Amino acid sequence: LLDDGSYGMLPEEWIEKYEVLAGLGTSHGDHVRFSRNQAGMLDALLASQPEVSCDERFERMRTELRTFGGITSAEPPPGFHGSLRPYQCEGLGWLHFLQQFRFGGCLADDMGLGKTVTVLALLEARRTEKGGAPRASLVVAPRSLLFNWKREAERFAPALRAAEYHGSGRDEVLSSLDGFDLVLTTYGTMRRDAAALSGAEFDYVVLDEAQAIKNPDSQRARIAKRLKAGHRIALTGTPVENRLQELW
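Procedures and definitions
Residues numbered from 1 in each chain as written. Predicted model: local features only at pLDDT ≥ 70, side-chain atom pairs only at ≥ 80, totals over all residues. Heavy atoms only, no water. Helix = DSSP H or I, 4+ residues; strand = E, 2+ residues; numbered from the N terminus. Buried < 20%, exposed > 50% of the residue type's maximum accessible area, 1.4 Å probe, protein only. Contact = heavy atoms within 4.5 Å. Areas by Shrake-Rupley, 256 points an atom, 1.4 Å probe, with all protein chains shown as cover. Lys, Arg positive; Asp, Glu negative; His and termini not counted. Charge placed at Lys NZ, Arg CZ, Asp CG, Glu CD. Expected span 1.5 Å × (residues − 1). Bend = angle between axes of the 7 residues up to and from the residue. Salt bridge = Lys/Arg side-chain N within 4 Å of Asp/Glu carboxyl O. 1 Å grid on protein atoms, 1.4 Å probe; cavity = no way out; pocket = protein on both sides within 12 Å on 5 of 7 lines; lining within 4 Å. Points joined across faces, edges and corners; volume = space filled by probe spheres on them. Nonpolar A, V, L, I, M, F, W, Y, C, P; charged D, E, K, R; others polar. Arc of directions from axis to C-beta. Pairing = 2+ DSSP bridges. Right-handed = clockwise from strand over helix to strand, strands pointing away. Axes fitted to C-alpha atoms, helices over the stretch in contact; angles between N-to-C directions. Core = buried A, V, L, I, M, F, W, Y, C linked by side-chain atoms within 4.5 Å.

A.B. asks: Give me the overall build of the chain: which residues, what numbers.
C.D. replies: When helices and strands are tallied, the chain shows 10 helices and 8 strands. Along the first, second and third principal axes, the C-alpha set of the chain runs to 65 × 40 × 40 Å. Counting over 248 residues, the chain shows a buried share of 40%. If you take every contact in the chain between residues at least 6 apart in sequence, the share linking residues at least 24 apart comes to 65%. Carbon and sulfur atoms make up 50% of the accessible area of the chain, which totals about 14500 Å². Taking the average place of the 30 positive charges on the side chains of the chain and the average place of its 34 negative ones, the gap between the two points comes to 7 Å.

A.B. asks: Got a sec to walk through helix α1 (residues 12-24)? Specific residues and values, please.
C.D. replies: Relative to the 18 Å expected for 13 residues at 1.5 Å per residue, α1 spans 19 Å between its end C-alpha atoms, a close match to the ideal helical length. By the largest-angle criterion, Tyr18 marks the main kink of α1, which is about 55 degrees.

A.B. asks: Account for the pattern of salt bridges, with residues named and values stated.
C.D. replies: Opposite charge on two side chains lets them pair, provided their charged atoms get close. Throughout the structure, instances matching the rule amount to 9 salt bridges. Linking Glu129 and Arg126 is a salt bridge whose minimum nitrogen-to-oxygen distance equals 3.0 Å. Looking at Arg126, the relative accessible area reads 13%, which means it is buried. One salt-bridge network, in which partners are shared between bridges, spans Arg126, Glu129 and Asp203.

A.B. asks: Kindly report on empty space enclosed by the protein, identifying the contributing residues and their values.
C.D. replies: One pass over the structure, following the stated rule, counts 1 cavity of 30 Å³ or more. Taken as a whole, the largest cavity holds about 40 Å³ of empty space. Contributing to the lining of the largest cavity are Leu123, Arg126, Arg127, Ala133, Ser137, Leu160, Asp181 and Asp203. Element by element, the count of residues in the lining of the largest cavity is highest for helix α5 (residues 115-128), at 3 residues. Counted by class, the lining of the largest cavity contains 3 nonpolar, 1 polar and 4 charged residues.

A.B. asks: Hey, could you go over helix α2 (residues 39-46) for me, with residue numbers and the actual values?
C.D. replies: All of the buried residues in α2 are Ala39, Leu42, Asp43 and Leu46. Down the axis, α2 shows its buried residues gathered within 105 degrees of arc, on one side only. Contacts made by the buried residues of α2 are with α1 and α3 (56-67).

A.B. asks: Just give me the short version of the pairing of strand β7 (residues 201-207), but keep the residues and values in it.
C.D. replies: When you tally the buried positions in β7, you get 6 out of 7 residues, the bulk of the element. As defined by bridge partners, strand β4 (residues 137-141) adjoins β7 across 3 bridges and the pair is classed as parallel. For Val139, the partnering residue across the bridge sits in β7 and is Val206. Here β7 runs beside strand β8 (residues 228-235); their pairing, made up of 6 bridges, is parallel. Bridged to Tyr204 within β8 is His231. With helix α10 (residues 219-226) bridging β7 and its parallel neighbour β8, the resulting β-α-β unit is right-handed.

A.B. asks: Go over the side chain of Lys115 with me, naming the residues and quoting the values.
C.D. replies: Mapped onto the elements of the fold, Lys115 is located in helix α5. In this structure Lys115 is buried but unpaired, with Glu209 as the nearest side chain of opposite charge at 5.8 Å. The residues touching Lys115, leaving out its near neighbours within four places in the chain, are Leu107, Asp109, Asp110, Leu235, Thr236 and Gly237.

A.B. asks: Can you lay out the sheet that holds strand β3 (residues 105-107) for me, pointing to particular residues and giving the numbers?
C.D. replies: Spatially, β3-β8-β7-β4-β6-β5 is the arrangement adopted by the 6 strands of the open sheet, whose pairing is parallel. The two strands at the open ends of the sheet, each matched to only one other strand, are β3 and β5 (162-164). Within this sheet the neighbouring strands show an average axis-to-axis angle of 25 degrees, counted without direction. Bridging between β5 and strand β6 (residues 182-186) involves 3 bridges; their strand directions are parallel. Opposite Glu164, over in β6, you have Leu184 as the bridge partner. Contacting β4, β5, β6 and β8, helix α6 (residues 143-156) crosses the sheet at an angle of about 165 degrees to β6.

A.B. asks: Which residues make up the nonpolar core, and what are the values?
C.D. replies: Ranked by size, the top nonpolar core spans 38 residues in total, and within it Leu84, Trp149, Leu182, Val206, Ile233 and Leu235 carry the most contacts. If sequence neighbours within four positions are ignored, Leu84 has contacts with Pro76, Cys89, Leu92, Val117 and Ala121. Core analysis: the second largest hydrophobic core is formed by 24 residues, Leu174, Leu177, Tyr187 and Phe202 among them.

This is the structure we're talking about:
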């Protein structure tokens, strides 16, 4: 459909060449945009079409993907108190990989295997990177686990400046986010304070017991997706309970 209301004809060879690309992306003016998690597939589709122009961000990711040597285990940073088991080091290396490519991910180790500690090692590494994390990270967890997160942070990553966004006086936390590295809240508080939390920007948003948003049509799921963050991680010991849609 053309701007004047009439229809134009596309050559069949054009459709054969670009139909898949056009169908995967979203039209924005005279460009087609794609999400980060489509980068690998997009790179393969564009390999035989050098005439297609791309922005600098995609070209940078394209180069990183082509030179990527694989995911390697990572040791916890010097400021981390304690040690990680070999499988936790593998998980930490995978989280670093997600960070590098700005992918989201679901860390789905079984319950009791130390997902909290692995993420704390990641956030401590983030804090000690050159320049530090650009802003605080938010952890959303069931109320029953809030104390555990606080206790584990004090034990394993005491240099992280942590605050609870829960209960009375919590407004002061959002008004002084620059003073914290880690903010802990509950799913109930996230739902009640949806407008305030979605107006803030975080470095990481971590959803613990993420099966809490397994129904994508639920209010909690919609609110969680509105949270603004550079990186997103889901933690759960039960990524699929009834159907595959829950993992999506």
